[in-house]
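Summary of the model geometry
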Amino acid sequence: MGRNALTYRQRLQLELDKWRNFRKALLRDEREAFDGLVDQVFRLCHAGSMYPERDTFDLFTISALISHEGRLRSLERELKLGMKIDERLLIRHKPLR
């Protein structure tokens, strides 16, 4: 007997199929960014497959956010190394009143 439920990867592909016309309407640079985002989300399929009860788009969104957070942290580390910033010299912003 076969599986009764779709895998997360299959559900994700079905969700992306719904966004096909949106993707087509994007400009070339935007389409490349969209495709890059989708690639990053597929890299996190292992985590999404652990939550079959969750909405596919929710899992897509959190995977994209995790990917962006990781890339942002990596860029921040590179920037700090490149600028040789001493942590003691960071400007601390005063809270707004």
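As shown above, the structure is provided for reference.
About the thresholds
- Residues numbered from 1 in each chain as written.
- Predicted model: local features only at pLDDT ≥ 70, side-chain atom pairs only at ≥ 80, totals over all residues.
- Heavy atoms only, no water.
- Salt bridge = Lys/Arg side-chain N within 4 Å of Asp/Glu carboxyl O.
- Helix = DSSP H or I, 4+ residues; strand = E, 2+ residues; numbered from the N terminus.
- Buried < 20%, exposed > 50% of the residue type's maximum accessible area, 1.4 Å probe, protein only.
- Core = buried A, V, L, I, M, F, W, Y, C linked by side-chain atoms within 4.5 Å.
- Contact = heavy atoms within 4.5 Å.

1. Describing the pattern of salt bridges
- Taken as a whole and assessed by the stated rule, the structure comprises 5 salt bridges.
- One salt bridge connects glutamate 15 with lysine 18, and the closest N-O pair in it is separated by 3.8 Å. One end of the pair is glutamate 15 and the other is lysine 18, both in helix H1 (residues 8-18) and 3 residues apart, which spans about a single turn.
- Lysine 18 gets classed as exposed once you look at its relative accessible area, which sits at 65%.
- One salt bridge in this structure joins arginine 73 and glutamate 69, with 2.9 Å as the shortest N-O distance. Within this pair, arginine 73 and its partner glutamate 69 are both found in helix H5 (residues 56-83), separated by 4 residues, close to a single helical turn.
- Assessed through its relative accessible area of 35%, glutamate 69 is described here as partly exposed.

2. Let's talk about the nonpolar core
- Among the nonpolar cores identified, the biggest contains 12 residues, and these are Tyr8, Leu12, Leu16, Leu26, Phe34, Val38, Val41, Phe42, Cys45, Leu59, Phe60 and Ala64.
- Elements represented by at least two residues in this core include exactly H1, helix H3 (28-43) and H5.
- Of all the elements, H3 adds the most residues to this core, at 4 residues.
- With near-sequence residues (within four places) excluded, leucine 12 lies in contact with Val41, Phe42, Cys45, Thr56 and Phe60.

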